[in-house]
Each structure stands twice: as structure tokens, then as C-alpha cells.
Amino acid sequence: MQMVIGNAVQVPDGLFTPASTLTSVLTMGIGNEMMGTVYSDVLWSLALLLLAMSFVFISIIHFIERKGGLNANGR
Amino acid sequence: MAASVDKMVADQGIVGARPPQGAPNRAQSEKAEGALACRIALQDTFATGVLFAIVAAICALLFSLIAYIVASGAGKLFDVSFLTGKPEQFKEGGGIGPELFNSFYLLVLTLLISVPIALGGAIYLTEYAPKNRLTHFVKTAIEALSSLPSIVVGLFGFLFFVLQMGWGFSILSGALALTMFNLPILVRVIQQALEAIPNDQREGGLALGASRWETTIHVLLPAALPAIITGIILSAGRVFGEAAALIYTAGQSAPMLDFTSFDFSSASCPWNVFRPAETLAVHIWKINSECVVPDLDAVSSGVAAVLMVCILAFNLLARFVGRLASKNTR
């Protein structure tokens, strides 16, 4: 993804404007900053955000699965 | 009331609809039925055609991708000096020798670490675990581990294995980060293989006086072995192409390897697990992001072609071994 999306630091206003994803910003930035600076802390916060997002999606899927199971198996 | 229901049913073309009430002659009702059957057959053909077109499009996409990559990298793919040479950062003619070895070495190490753990975990979850909240929690945790983004796993490996444990960028850090990736896939595959064995085998083993452990080792595992081996080879294919988890654990530098040295503490000994090791996928990323070699396109396409060929070989090997092993157990 990093090689095709353009990695421009802007909010995209259409389908054809370059943008950057969380993962590509992380991959490019971690190697360039020293631990302890503000920019480095920001990058680690981005990683935490990614982790939180994937947990949210997993819980949503589990919730849907459990609801579906209850309805399918009867009372 | 009945007439309106009949009209509704006839309008929607439901199979087996009664001809409209009050149709006096037989020829008219037969023509209505014939038209209905014709419309249904047409819908069926149209739907089949659309599904076939979708599948054809997917196959065409896959084949064109493989063909494009292999064709553009074909010049370097069969060049022995490319496959065993030293990578270059500024000059032409770089090779991928160390990276190729590192990829396979890392793969073997990862499998050595993850297969026993996954086997133990899957056997426990299938045979021994009671159906309570703890088991449900463990299963959810394994699923959560498998859907983490790979860069997050790599960053955790960076913080823990590289910095905290002090190993630096090393093969061991990379192998442990890939194990975290590989475990959920393997556990799921082995679990499915074990659950597919009918319960008669377990009851037969227990009836013969064997303990549950002996039944598992001597009866169930050999029966599930083809599926397990296929799953291991497929997960190896996935691990082989992993880049994001390895960029910050195994590093982006590949010291030139001296295969005659057995000094385990030097960075040029190939078997030293504490040296940085760049793999094929990481090399593609690195040369496209940071290198300024003149023949960038050729080298990049060559590495991509090698990677693609290796992964295809893994997939074919998995099918071949699976078919062979299941033939032998019959």
C-alpha cells in the first residue's frame, strides 16, 4: 500500500488525490526519529490507535456472530 | 381474495403457480406455463453467466499479475550471479544471495518454534479443554492475534525483542515476531484437522485401554497428518512473503555471508541467529524506498519474480504433499 498511495500529508478530497494510511506513515517514520521525541511518541500513539481499531472490529464481528447464533439456534 | 392471490403468484412467476382461475381452455393455460418456464430458464442462464464471468475475471486478474511479475523479472530470475550475488546500494548489478538464504533460514526457524507450540495448543483446545468461559476467552485471544495488522506485531517485536531483551536487529527477533503471526493460522489448521477425525477413532483408542494422550499421539495425529502438513506448508508460504513484521525486527541490512565460517558470534556466519538479516520482501521495500541504484526496476522486478516463484512453489508443494499423504493413509 505504501508504494501506491502517494503518502501525501493531506486530507484527501476525492478518490484520485494522494493520501497516506496509518501503516505507511508508521513504516516510513519509525526509523527516522529518536525515541523520546514528540514525533516518535506520536508515531507510537498511531500504532496504539491501529491496535484499538482492530480490537473494535473484532468485537463487532463477535457481537454479530453471537447475535446470529442466538437467532439461528432458537430460544 | 383467491383471485388476487393467484394474480400475485402468477405475476411473480413462482414455480408451481396455478394457472389463473377462470382460464377456460387448456391451450391458454399451457402457453402461460410455457412462458413461465421460459422466463425461469432465462433467469437461471443469466445468473450462471454472471457468476461465471466473475470467476473468470478473478482468474484473469491472478494470471495476469503472475505473468506480469514473472515476465518483467525474467531477465534476472535465471541469472545465477543475481541469485547468489551481494546486494548493492549505489552501483549496478546488485544481487540477492544473502537475502535468499535469510528468507529460508528465518522460515525454518519460525516453523521450528511455532509448530510445537501450535500443536500443543490445538491438541489442548480440541481434546482436553472444557467448554467454559476460559476456553472461549483463549479462542477469542487467538483470533484477535491473527487479525492484528502486521506492522503492529513488528513494532511490538521491535520494542520487546530488539530493545528490551537487547538482542538488536536479529534473526531471533524476526523469528519470534513471525511466530506471533503464524501461531493462530497453525492452531486453526491443526484444530480443524483434528476435529475432522470421527469420534469412533477416539472411542476405539480409549476402548483398547490407551490413555487420552496415547490415543492422541498414536491414533489421531497420524490420521490428521496430511491436513496438518498441508496447513504448515501453506502458512510457510504466507510467512515467507511477510515484510512489515520484519522491517523493524530482523532489520534491513544483510551482511555478506561466509558459509565456511562457524564462528557463531561473527556477523558473517550464516547460522548466527543474532545477526541482522534482510529477507526478500524487506529487500523489495527497501530498494524501492531508499536505494538509488541505476538498474532499480530490473532488480526490483527480479526480486519480486523470485519471491512469486517461491510462494507458488510452496502452494504447489502443499497440494502435492497433501494428495500424496492422503493417498498413503488410505
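Up top is the structure.
Residues numbered from 1 in each chain as written. Chains lettered and ligands numbered in written order. Predicted model: local features only at pLDDT ≥ 70, side-chain atom pairs only at ≥ 80, totals over all residues. Heavy atoms only, no water.

Q: Sorry, what's going on with the layout of surface pockets here?
A: Any empty space left between the atoms is revealed when a probe the size of a water molecule rolls over them. Considering only enclosed or pocket space, the second largest pocket measures out at about 350 Å³ in volume. Surrounding the second largest pocket, 14 residues form its lining, Lys139(B), Thr140(B), Glu143(B), Arg188(B) and Gln191(B) being those nearest its centre. The set of elements that each furnish at least two residues to the lining of the second largest pocket consists of helix 3 (38–72) of chain A together with helix 6 (133–146) and helix 8 (171–195) of chain B. If one sorts the elements of the lining of the second largest pocket by residue count, helix 8 of chain B sits on top with 6 residues. (1 Å grid on protein atoms, 1.4 Å probe; cavity = no way out; pocket = protein on both sides within 12 Å on 5 of 7 lines; lining within 4 Å. Points joined across faces, edges and corners; volume = space filled by probe spheres on them. Helix = DSSP H or I, 4+ residues; strand = E, 2+ residues; numbered from the N terminus.)

Q: Hey, could you run me through the packing of aromatic side chains in this one?
A: Centre distance and the angle of the planes are the two values used to describe a pair of aromatic rings. Residues and elements named next belong to chain B. All chains considered together, the criterion is met by 13 aromatic pairs over all chains. Ring centres of Phe 101 and Trp 271 lie 5.3 Å apart, and the angle between their planes is 85 degrees; this geometry places the pair in the edge-to-face category. Of this pair, Phe 101 sits in helix 5 (residues 97–128) while Trp 271 sits in the loop between helix 11 (244–247) and helix 12 (280–289); the two residues are 170 residues apart in sequence, bridging distant segments of the chain. Look at Phe 101 and you get buried, because its relative accessible area is 17%. Look at Phe 158 and Phe 169: their rings are 6.2 Å apart centre to centre, the planes differ by 15 degrees, and that puts the pair in the stacked class. Residue Phe 158 is located in helix 7 (residues 150–164), and its partner Phe 169 is located in the loop between helix 7 and helix 8; the two are separated by 11 residues in the primary sequence. Judged by its relative accessible area of 35%, Phe 169 falls in the partly exposed class. Ring-pair connections join several aromatic residues into one group, and the members of that group are Phe 156, Phe 160, Phe 161, Trp 167 and Phe 274. Above the ring of Tyr 128, the side-chain terminus of Arg 212 is found at 4.4 Å from the ring centroid. For the cation-ring pair, Arg 238 lies above Phe 181, with the distance from its terminal atom to the ring centre recorded as 4.8 Å. (Phe/Tyr/Trp six-rings, centres within 6.5 Å; stacked < 30°, edge-to-face > 60°. Buried < 20%, exposed > 50% of the residue type's maximum accessible area, 1.4 Å probe, protein only. Lys NZ or Arg CZ within 6 Å of the ring centre and 35° of its normal.)

Q: Help me understand the interface of chain A and chain B, please; the structure alone is not making it clear to me.
A: Bring the parts together and some accessible area is lost; that lost area is often taken as the interface size. Chain A puts 16 residues into the contact, and the matching count from chain B is 18 residues. Carbon and sulfur atoms supply 80% of the area buried between chain A and chain B, which totals about 1500 Å² over both sides. Here chain A and chain B share 0 salt bridges between them. Breaking the side of chain A that touches chain B down by element, the ones donating at least two residues are helix 1 (2–5), helix 2 (22–29) and helix 3 of chain A. For the side of chain A that touches chain B, the element with the highest residue contribution is helix 3 of chain A, accounting for 8 residues. For the side of chain A that touches chain B, the class distribution of residues is 10 nonpolar, 6 polar and no charged. (Contact = heavy atoms within 4.5 Å. Buried area = accessible area lost by both parts, 1.4 Å probe. Salt bridge = Lys/Arg side-chain N within 4 Å of Asp/Glu carboxyl O. Nonpolar A, V, L, I, M, F, W, Y, C, P; charged D, E, K, R; others polar.)

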